[in-house]
Amino acid sequence: MPKTAILLPLFGRPDFTIRILDFYNRIYCKYPFYIPDGSKIKEFDQKILNKKFPNLKIIYKKYPYDKNFPTYARKMSSMSKKIKEKYIMLIANDDFFNLEFCKRAEKILDKNKELSIVSGIVKNIRVLIPFKSINDHGFVFTEKKIQYYSYGEIFKDVTSNDKSKRVTKLLMTLPYESLMRANVFKKIWTLANEFKIKNSFEMNWFMNIIPLACGKKKHLKIISQIRQCNTYAGLGVDDMLYGKGGTRKRYFSFLKMLENKKIFNSNMTKAIKYADDNSLDIFGGNDKRSKRHFLKQKIIPHYF
């Protein structure tokens, strides 16, 4: 039985869903794909996917339309509870995961029970096809630099035995390009659902902080995912365009929840209660980052 599950949440963009599943179907990927579909128009069902991708094990479930982040969190919490494998790789339908990374990360997690997560490196690509809005195929350009190359020393292990020190390294977690223990992943989404997260920035608090509260992080200097960085709209894009960041008040409520759930103690809360706004994505729609991103997407949305 495979130890790793691939969690592939859907929010429209069926062309990209077909692309990713077709690729792994062709190479007989043994990892099961769990697909919670929150698309407004459902273009798939279990029979269609089984017939089209016979070499894959697919567990598909339709969910209500992801009209907001509370709905999305309910979907993620529900589907993650169905996963029986030990580890989870979260992937978007416009990206690809590295099988070799998964194999190596599995072995490391098997041997090191104190680890909650093993992260890797993301390589970005751009797919350009002139005068078309859907760019699932086209001319592929690989960016020379890895993602987050300008973020400083985040590509390191987080191995302190002191939880209060570990959680201050929240920008080093890299949860979206990692293999995570399933019990930690399920805890994240159970709590995110209970908290009724309002946007992608609040989601990042759960994804970045809880793994380090629950264990240590190992970083592998190999590619874990190939990410297409110029695809069209998905859940969370409005947050980025209009600068709907988190608020300090909601962040304090998040920390209080972690204490109530015995995930945090008072020392851990004290260590990151007043973390920098940028590291927590706390900002308003009038800051330079929001305006710059909005301008790029408004002028030529599929080229940035």
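Whatever comes next refers back to the structure up there.
Residues numbered from 1 in each chain as written. Predicted model: local features only at pLDDT ≥ 70, side-chain atom pairs only at ≥ 80, totals over all residues. Heavy atoms only, no water.

A.B. asks: Even after reading the chapter, I still don't get the packing of helix H3 (residues 69-80) against helix H6 (residues 182-195), so can you show me in this structure?
C.D. replies: For any two helices packed against each other, one specifies the crossing angle of their axes together with the interaxial distance. Packing of H3 against H6 leaves a shortest axis separation of 8 Å and a crossing angle of 145°. As H3 runs across H6, the sense of the crossing is left-handed. Here Pro-70, Tyr-72, Ala-73, Arg-74, Met-76, Ser-77 and Ser-80 of H3 come into contact with H6, specifically with Phe-185, Lys-186, Trp-189, Thr-190, Ala-192 and Asn-193. (Axes fitted to C-alpha atoms, helices over the stretch in contact; angles between N-to-C directions. Helix = DSSP H or I, 4+ residues; strand = E, 2+ residues; numbered from the N terminus. Left-handed = near helix turned anticlockwise from the far one by under 90°. Contact = heavy atoms within 4.5 Å.)

A.B. asks: Whenever I open this one, helix H9 (residues 248-260) confuses me. Can you help?
C.D. replies: A turn of α-helix holds 3.6 residues, and therefore any two residues three or four places apart point the same way. Its 13 residues give H9 an end-to-end C-alpha distance of 18 Å, which sits within 8% of 18 Å, the value for a rise of 1.5 Å per residue. When H9 is considered as a whole, its buried residues turn out to be Arg-250, Tyr-251, Phe-254, Leu-255, Met-257 and Leu-258. Taken around the axis of H9, the buried residues stretch over an arc of 155°, which confines them to a single face. Relative to its buried face, H9 has exposed residues pointing more than 90 degrees away, namely Lys-249 and Asn-260. Those residues of H9 hidden inside the fold are in contact with H6, helix H7 (200-214), helix H10 (266-272) and helix H11 (277-280). Where H9 terminates, the next one or two residues include Lys-262, which has phi positive at roughly 65°. (Expected span 1.5 Å × (residues − 1). Buried < 20%, exposed > 50% of the residue type's maximum accessible area, 1.4 Å probe, protein only. Arc of directions from axis to C-beta.)

A.B. asks: I would appreciate a short explanation of the packing of aromatic side chains in the present structure.
C.D. replies: How two aromatic rings sit relative to each other is set out by the distance from centre to centre and by the angle between their planes. Per the stated rule, a full pass over the model turns up 18 aromatic pairs. When the ring of Tyr-24 is compared with that of Phe-97, the centres are 4.2 Å apart and the planes differ by 5°; the resulting orientation is stacked. Highlighted residues: Tyr-24 in helix H1 (residues 14-26) and Phe-97 in strand E5 (residues 95-97), separated in sequence by 73 residues. Each member of the pair Tyr-24 and Phe-97 is classed as buried. Through a chain of ring-to-ring contacts, three or more aromatic side chains come together here, namely Phe-195, Trp-205, Phe-206, Tyr-251, Phe-252, Phe-254 and Tyr-274. Across from the ring centre of Tyr-65, 5.6 Å away, lies the NZ or CZ of Lys-40, which sits over that ring. (Phe/Tyr/Trp six-rings, centres within 6.5 Å; stacked < 30°, edge-to-face > 60°. Lys NZ or Arg CZ within 6 Å of the ring centre and 35° of its normal.)

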